Structure formats: C-alpha cells, structure tokens
Amino acid sequence: MNILITGANGQLGSEFKEIQKKEKQHHFYLTDLEELDITNFIGVNKYINENDIDVIINCAAYTAVDQAEDEPKIAQEINVQGPEILAKSAAKNACKLIHISTDYVFDGNKNTPYTENDIVSPLGVYGSTKYRGEQMLISSKAEAIVIRTSWLYSSYGNNFVKTMMRLGKEKENLKVVYDQIGTPTYAYDLALAIISIINSGKKLNRKRSIYHFSNHGVASWYDFAFNIMEIANIDCYISPIESKDFPTKTVRPFYSVLNKSNIIKDFDIKIPYWKDSLAVCIKRMKK
Ligand SMILES: NC(=O)c1ccc[n+]([C@@H]2O[C@H](COP(=O)([O-])OP(=O)(O)OC[C@H]3O[C@@H](n4cnc5c(N)ncnc54)[C@H](OP(=O)(O)O)[C@@H]3O)[C@@H](O)[C@H]2O)c1
C-alpha cells in the first residue's frame, strides 16, 4: 500500500522511519510541513492523487499545549482545518484516514479509565481544537478513524523523557507533580498499532469511529520521572509536588487514563506495559 505520513518530523511521525524498514510491503511517503502542509487543500489533494495514496496517517498537529492559549487561530488551523482537509481529500480519492487525537479532550474528573463514549470536556484551546478536529473526520464521508492517545514520548523530538534526562544530569533534585494520573505512551508502540490496523485489512469505522490507545498501566508524572531516572541510571532525587505548586497556563486533566478494550478487541492489538516500553526507548536513545 502507499501510505502517507504527515508531520513525519514529529515524535510519532518519525517512528514510521523505523517502521518502514520492517514493513517492506508498503511504500511510505514521509512528509512534514515543508513537503506537505495539511492546511492546504489543493496541495494535499494533488499529493494524494499524484502518489496514489491508499492510507493517510495524520501525525501532523499543533501540540504546544500552553502556547495554544496565545495562538488559538494557528492551533485551530492545524488541528481543525487540517483534519477537515485531509478527510475531504481522503473521501474524494477513496483512501483511508487514520487521525491521532488526545486524552486532553477530557476534563479528568473521572476516576476510572475513559472509554470512547465518555463525554468530552476539554480544559484548554489545545484540547478543544483536537476535539473539533475529531468531529471533522467523524462527520466526513471518508473511511476514517480517530485514535486518542496520551503522554506520548519517543527517542525523536522533544518530550518529557528527554527533558527529565537532561535536567536529571544537570541537577541533584527535581520536583514533579504526583497528582496528575495517566499513562505514558511510547510513540513506537502506537505506530506499530496503527500498522497492525492497516495490515488487518479491516474496513475502518466499520464498528466505531474513535479508539483509545496508550501503553498498559497507570502512572503519575512523578512515577514517570522516577522511572526515567532509575532506568537511565541518573542520580537525581525526584520530589513529588502538587499541581497547585507547579502552575501552568493550561490546566491539565487530573486523571486521563484511557480504556483500550475496543482497539484490543477489534484489531487484536498487543499492548506493552509502560515501564517495559520506557526501558526500550531509553535503550534506543543511548545507542
Ligand atoms: N505529545 C503528546 O504528549 C501527545 C499526547 C496525546 C496525543 N498527542 C497527539 O499525537 C499526535 C502526534 O503528536 P507528536 O507528539 O508526534 O507531535 P509533534 O512531535 O509536535 O509533531 C507534529 C509535527 O507536525 C508538524 N506540523 C505542524 N503543522 C503542520 C502542517 N500544517 N502540515 C504538516 N505538518 C505540520 C510539526 O512541525 P513543526 O514542529 O515545524 O510545527 C511536527 O513536525 C498529535 O495529533 C498530538 O495531538 C500527542
């Protein structure tokens, strides 16, 4: 199949550079803003048409959660108009579309894992634009699904793991919040799950339009940081603090664990435990 990756220089998109080495039956078209701007309908449509694309995996997004409060128009263009354009082009060219969304569509007031049917109530501009982006796919005529994920990290791009490893080497102790609960997700595992969905050959949105995916298990950012130091063998003391003592521009959900039973059931996806995947990622970073 001809698979188009948008946002291929980001964390998730970059993982497809690894995936393509194994998935030789597919041809991957890795594009980022310079090659293909997802907010340009004519450009997107032309690219899909000329390259006979069968599946689009939309990894492109505006992901700066706090900055989005100051740049709502840019966030909206990339996170809402982008998916709208991709969905229109996918429908026009009869190709499938897999779009990525976020746990930040929820307000975090639950204390049991969020299912795809739970009511969304984003707390900020980023979550709100991502939710409206989902709606663009769901209301379109494209054969498309949305996969919501959480706390993404990778050996590529900027993320919490890299920041903690850098700061841990510079400082003797760090304060990290322990009252926000979710699940760290290794972008490589998500990329593998997406490829499994494509390789299953199943029609998308046959059963549902939205799926949840993260690694297995639950953690606070404190637990995440603690395990990063332990696995990376960095001697830095992590102190647990409350979110009120670490104010950010956008309030984050206190609880955003995702229920993944639907994606497991419908596509027979095998999901690793988050600490195991963290160890794999850190090992890869050290190579
Ligand atoms: N990061 C997380 O913790 C997290 C958590 C849950 C869900 N997600 C979702 O997971 C997906 C992947 O996230 P990620 O962390 O891999 O994102 P990322 O690292 O920020 O990568 C996004 C990529 O998209 C590019 N891009 C921006 N505007 C574009 C446009 N108009 N056309 C084409 N490319 C464009 C970005 O380029 P520039 O860097 O030049 O802007 C960047 O290379 C996103 O949908 C995100 O919302 C992320």
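Here's what I pulled together on the structure shown here.

Analysis parameters
What you see as residue numbers is a count from 1 along each chain, following the sequence as written. Residues qualify for local features only when their pLDDT is at least 70, as the model is predicted, and side-chain atom pairs are given and counted only at 80 or more; totals for whole chains, interfaces and linings, by contrast, use all residues. Note that water and hydrogens are dropped before the side-chain values are worked out from all heavy atoms of the structure. Salt bridges are defined as contacts in which a side-chain nitrogen from Lys or Arg sits within 4 Å of a carboxyl oxygen from Asp or Glu. In this description a helix means any DSSP run of H or I spanning at least four residues, a strand means any run of E spanning at least two, and both kinds are numbered starting from the N terminus. When accessible area is computed with a 1.4 Å probe and restricted to protein chains, residues below 20% of their type maximum are described as buried, those above 50% as exposed, and intermediate ones as partly exposed. Two strands make a pair as long as DSSP finds a minimum of two bridges between them. To get an axis, a line is fitted to the C-alpha atoms, and for a helix only the part in contact is used. The angle between two axes follows their N-to-C directions and goes from 0 to 180 degrees. Residues count as neighbours in contact if any of their non-hydrogen atoms are within 4.5 Å of one another. Put simply, a residue is near a molecule or strand once any heavy atom of it comes within 4 Å of that molecule or strand. What qualifies as a polar contact is a pair of N or O atoms within 3.5 Å, subject to a donor-acceptor requirement within protein and to the restriction that residues adjacent in sequence count only when both atoms come from side chains. Accessible surface is estimated by sampling points in the Shrake-Rupley manner with a 1.4 Å probe; for residues, cover comes only from the protein chains shown. Each aromatic pair joins two rings of Phe, Tyr and Trp (for Trp, the six-membered one) with centres within 6.5 Å, and gets the label stacked for planes under 30 degrees apart, edge-to-face for over 60, and tilted for any other angle. Take the buried Ala, Val, Leu, Ile, Met, Phe, Trp, Tyr and Cys residues and link them wherever side-chain atoms come within 4.5 Å; each set so joined is a nonpolar core. Working rule for angles: under 35 degrees goes down as roughly parallel, over 145 as roughly antiparallel, 65 to 115 as roughly perpendicular, anything else as oblique. Left-handed describes a crossing whose near helix is turned anticlockwise from the far helix by less than a right angle; the clockwise case is right-handed. As a working rule, the residues Ala, Val, Leu, Ile, Met, Phe, Trp, Tyr, Cys and Pro are called nonpolar, Asp, Glu, Lys and Arg charged, and the rest polar, with Gly in that last group.

Let's shift gears to the pattern of salt bridges. Overall, the coordinates contain 12 salt bridges when judged by the stated rule. For Arg252, the salt bridge is made with Asp66, and the minimal N-O distance between the two is 2.7 Å. A residue pair is termed long-range when its members are at least 10 positions apart, and Arg252 in the loop between strand 12 (237-241) and helix 8 (261-267) and Asp66 in the loop between strand 3 (55-58) and helix 3 (72-92) qualify at 186 residues. For Arg252, a relative accessible area of 16% puts it in the buried group. The exposure class assigned to Asp66 is partly exposed, which follows from its relative accessible area of 23%. Each of Lys207, Arg208 and Asp266 takes part in a single network of salt bridges with overlapping partners.

What the six strands build is an open sheet, ordered 2-1-3-4-5-10; its pairing is parallel. Of all the strands in the sheet, just strand 2 (27-30) and strand 10 (210-212) have a single pairing partner and so form its edges. Sheet twist, expressed as the mean angle between neighbouring strand axes with direction ignored, is 20 degrees. Alignment of strand 1 (residues 2-6) against strand 2, held across four bridges, turns out to be parallel. By the bridge assignment, Leu4 is partnered in strand 2 with Tyr29. Packed onto the sheet, helix 4 (residues 125-138) meets strand 4 (96-102), strand 5 (144-149) and strand 10 and runs at close to 160 degrees relative to strand 4.

Before going further, it helps to examine the site of the ligand. In the neighbourhood of the ligand, 25 residues make up the surrounding shell, with Asp32, Asp37, Thr63, Tyr126 and Lys130 lying closest. Between Gly10 and the ligand, the recorded distance is 3.4 Å, taken from a backbone N or O atom to an oxygen atom. For the ligand, a nitrogen atom lies 3.1 Å from a polar atom in the backbone of Ile38. Protein contact buries 79% of the 900 Å² of open area that the ligand shows by itself.

Any pair of aromatic rings gets described here by the distance separating the centres and the angle formed by the planes. In this structure the tally under the stated criterion is 17 aromatic pairs. Seen from their ring centres, Trp151 and Trp221 are 3.7 Å apart, and the 15 degrees between their planes marks the pair as stacked. Placement of the pair is Trp151 in the loop between strand 5 and strand 6 (152-153) and Trp221 in helix 7 (residues 221-232), with a sequence separation of 70 residues. Note on Tyr273 and Trp274: the rings are 6.3 Å apart at their centroids and 55 degrees apart in plane angle, and the pair reads as tilted.

The biggest cluster of nonpolar side chains holds 63 residues, and the ones touching the most others in it are Phe16, Ile147 and Ile194. The biggest single contributor to this core is helix 6 (residues 187-200), with nine residues. Not counting residues up to four positions away in its chain, the partners in contact with Ile194 are Leu12, Phe16, Ile57, Ile98, Ile100 and Ile147.

Before going further, it helps to spend a moment on the packing of helix 5 (residues 160-170) against helix 7. Closest axis-to-axis distance for the helix 5/helix 7 pair is 10 Å, and the angle between their directions is 60 degrees. It follows from the interaxial angle that helix 5 and helix 7 lie oblique. The handedness of the crossing between helix 5 and helix 7 comes out as right-handed. Between helix 5, through Phe160, Val161, Met164, Met165 and Gly168, and helix 7, the contact on the second element is made entirely by Trp221, Phe224, Ala225, Ile228, Met229 and Ala232. When its residues are assigned to classes, the contact of helix 5 with helix 7 shows 10 nonpolar, one polar and no charged.

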